[in-house]
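Structural overview
Spelled out from the first residue to the last, the chains are:
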Amino acid sequence: MLRVHRIFLMLVFVLAAIPVVSLFAWKGVGEIAPMIGQVAPAQTVAGRTATATGFQLDARHVAELYLSDGDGYYKVEILTQSDSEIRFRVPQNVPAGDKCVAMKLVGRVELVEQPVFLKILEPAG
């Protein structure tokens, strides 16, 4: 009889623990966030195209792409987008200098800056 009580109490404990564990479970633990590893070409002028490569860069993960110089953000025009790359046009209003690439992820409002830079050159002429 004592053994039956122990089994019953253990079952009650396990069933009571399930909602508690799910309450404290971290959402998204182990998910890999989108990331840009490289931009080619490394130097370009405003108005030209460039390609950012990395992983999880498709439209299900990345909503918008920006260039940043610390003073402001310049939204780029995304031309094509796949899991491994985003081809984009550099905006005409971007001043010359080194620009950090930043992404706006789907469902988020903040921008996520990447450890990748694109150098904008002065136009020749």
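Report follows, based on the coordinates. This is a predicted model, so every value here is computed, not measured. Within every chain, residues take consecutive numbers counted from 1 along the sequence as written. In view of the model being predicted, local features appear only for residues whose pLDDT reaches at least 70, and side-chain atom pairs are presented and counted only at 80 or more, with totals across whole chains, interfaces and linings using the full set of residues. As a rule here, side-chain values come from all non-hydrogen atoms in the structure, and water together with hydrogens is ignored.

1. Description of the packing of aromatic side chains
Side-chain rings of Phe, Tyr and Trp, where Trp is taken by its six-membered ring, are said to pair if the distance between their centres is within 6.5 Å; with planes under 30 degrees apart they count as stacked, over 60 as edge-to-face, and otherwise as tilted. Throughout the structure, instances matching the rule amount to 1 aromatic pair. Judged by centre distance (6.5 Å) and plane angle (90°), the ring pair of Tyr66 and Tyr73 falls under edge-to-face. The class of Tyr73 is partly exposed, set by a relative accessible area of 44%. Exposed residues in this analysis have more than 50% of their type's maximum accessible area, buried residues have under 20%, and partly exposed residues fall in between, with area computed by a 1.4 Å probe over protein chains only.

2. A few points about unusual backbone geometry
Comment: phi is negative for the bulk of residues other than glycine, and the bulk of peptide bonds are trans. Across the junction of Ala40 and Pro41, the peptide omega takes the value -5°, indicating a cis bond. Note that Pro41 resides in the loop between β1 (35-40) and β2 (43-45). Even without being a glycine, Gln56 presents a positive backbone phi close to 55°. Helix numbers and strand numbers start at the N terminus; a helix is a DSSP run of H or I with at least 4 residues, a strand a run of E with at least 2.

3. Brief notes about the environment of Thr80
Mapping Thr80 onto the fold places it in strand β6 (residues 77-81). Judged by its relative accessible area of 37%, Thr80 is partly exposed. Sequence-wise, Thr80 and Thr51 are 29 residues apart; in three dimensions their C-alpha atoms are separated by 9.3 Å. Every residue pair with non-hydrogen atoms within 4.5 Å of one another is taken to be in contact. Setting aside residues no more than four positions away along its own chain, Thr80 makes contact with Glu85, Ile86 and Arg87.

4. Quick look at the nonpolar core
Soluble, globular proteins show a tendency: their nonpolar side chains are buried together. Residues enter a nonpolar core if they are buried and are Ala, Val, Leu, Ile, Met, Phe, Trp, Tyr or Cys, with the set joined through side-chain atoms within 4.5 Å. Counting residues in each nonpolar core, the largest one holds 20 residues, and the members touching the most others are Ile36, Val39, Leu65, Leu67, Phe88 and Leu118. Elements represented by at least two residues in this core include exactly β1, β3 (49-55), β4 (62-68), β7 (85-89), β8 (97-105) and β9 (111-121). In contact with Val39, other than residues within four places in its own chain, are Ala50, Thr51, Ala52, Phe88, Val101, Val116 and Leu118.

5. A few points about the environment of Tyr74
By secondary structure assignment, the location of Tyr74 is in strand β5 (residues 73-75). A relative accessible area of 16% means that Tyr74 is categorised as buried. For the pair Tyr74 and Val101, spaced 27 residues apart in sequence, the C-alpha separation works out to 9.7 Å. In this structure Tyr74 touches Leu65, Tyr66, Leu67, Asp69, Pro91, Asn93, Val94 and Pro95, once residues within four positions along its chain are discounted.

6. Some remarks on the sheet that holds β7
Pairing is antiparallel in the open sheet, where 4 strands are placed in the order β1-β3-β7-β6. Since the sheet does not close on itself, it has two edges, and those belong to β1 and β6, each with one partner. With direction set aside, neighbouring strand axes in the sheet form an average angle of 30°. Two strands form a pair only when DSSP identifies at least two bridges running between them. With 4 bridges joining them, β6 and β7 adopt antiparallel strand pairing. Counterpart to Glu77 in the pairing with β7 is Arg89. In this description, a line fitted to the C-alpha atoms serves as the axis of each element, helices being fitted only across the stretch in contact, and the angle between N-to-C directions of two axes falls anywhere from 0 to 180 degrees.

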